[in-house]
Amino acid sequence: NFLPAGGVKPRENTAYTAVMMPALETEEHAAYLTLTDQGLFCPDDALTVAEGEAMLRRLISVDWPEPFLAGNDGGPVTVRMLIRALASLYPAAETAPVIADLAGDDGDYAAFCTAVERGWLDAAPADDAGTLTLAWEPDDPVTRGAAAVLMNRVLERSRPDAPEEAMTGVIPDVSPDHPLYA
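Every chain is numbered on its own, with residues counted from 1 as its sequence reads. The predicted origin of the model limits local features to residues at a pLDDT of at least 70 and limits the giving and counting of side-chain atom pairs to 80 or more, whereas totals for whole chains, interfaces and linings rest on all residues. By convention in this description, side-chain values take in all heavy atoms of the structure and omit both hydrogens and water.

A. Quick look at the packing of aromatic side chains. The aromatic pairing rule takes the rings of Phe, Tyr and Trp, using the six-membered ring of Trp, and pairs them if the centres are within 6.5 Å, calling planes under 30 degrees apart stacked, those over 60 edge-to-face and the rest tilted. Summed over all chains, the structure comprises 1 aromatic pair. Taken together, a centroid distance of 5.3 Å and an interplanar angle of 75 degrees make the contact between Tyr-90 and Trp-120 edge-to-face. Of this pair, Tyr-90 sits in the loop between helix H2 (79-87) and helix H3 (109-117) while Trp-120 sits in the loop between H3 and strand E1 (123-125); the two residues are 30 residues apart in sequence, bridging distant segments of the chain. Both residues of the pair, Tyr-90 and Trp-120, belong to the buried class. Whether a charge sits over a ring comes down to the Lys NZ or Arg CZ being within 6 Å of the ring centre and within 35 degrees of the ring normal. A cation over a ring is seen here: Arg-144 above Phe-41, with NZ or CZ 4.7 Å from the ring centre. Helix and strand assignments follow DSSP, with helices taken as H or I runs no shorter than four residues and strands as E runs no shorter than two, numbered in order from the N terminus. The buried label applies to any residue whose accessible area, calculated with a 1.4 Å probe on protein chains only, is under 20% of its type's maximum; exposed applies above 50%, and partly exposed to all values in between.

Right, dumping it as structure tokens:
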């Protein structure tokens, strides 16, 4: 255990922590959901796995070879699927609140904790003990409108005070007074 002249002995018992950078492009205000061929947004329609996968691929800023939304092929994206995919791109939550909608041993519990801690999902107190109830059921389908709300939270995009039609164009099924406009 001899060090060369001028050498430095490594410190023992030093912990190193890797910090993940968000993998989603948050600087550019890129569109992540597309309109139908008829120019409609269809906010109440279920987000399909193909649409959800394309949405995440439009926003990803790193090489990610695996599918984001595994399971439910051809069916709708569930809240669970989308939260699992998004949480995999960010550091894990530092807290683990009790969430009434999920069992503590649920495989996606940590992902939901990340979503609640980051403010992606609304959670309300269910009791005086601090148990939380999610605004969306984990296994419910995600509508295109709900996906837009969730993704805007993840991307930290907020609605402008006075949205302009020039920002989005004319979308017949999302009028300027619609909560999803802009």
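B. Quick look at the environment of Asp-45. Along the chain, the position of Asp-45 falls in the segment before helix H1 (49-59). Distance from Asp-45 to Val-142, taken between C-alpha atoms, is 8.5 Å for residues 97 residues apart in sequence.

C. Broad picture of the pattern of salt bridges. The term salt bridge refers to a pairing of a side-chain nitrogen on Lys or Arg with a carboxyl oxygen on Asp or Glu at a separation within 4 Å. Evaluated as defined, the whole model comprises 7 salt bridges. Residues Asp-139 and Arg-80 are paired through a salt bridge, measuring 2.7 Å at the closest nitrogen-oxygen approach. With Asp-139 in the loop between strand E2 (132-134) and helix H4 (144-154) and Arg-80 in helix H2, this residue pair connects regions lying 59 residues apart in the sequence. The exposure class assigned to Asp-139 is exposed, which follows from its relative accessible area of 51%. Here Asp-108 and Arg-84 are joined by a salt bridge, their closest N and O atoms 2.9 Å apart. Of this pair, Asp-108 sits in the loop between H2 and H3 while Arg-84 sits in helix H2, placing them 24 residues apart in sequence. Where salt bridges share partners, they join Arg-80, Arg-84, Asp-106, Asp-108 and Asp-139 into one cluster.

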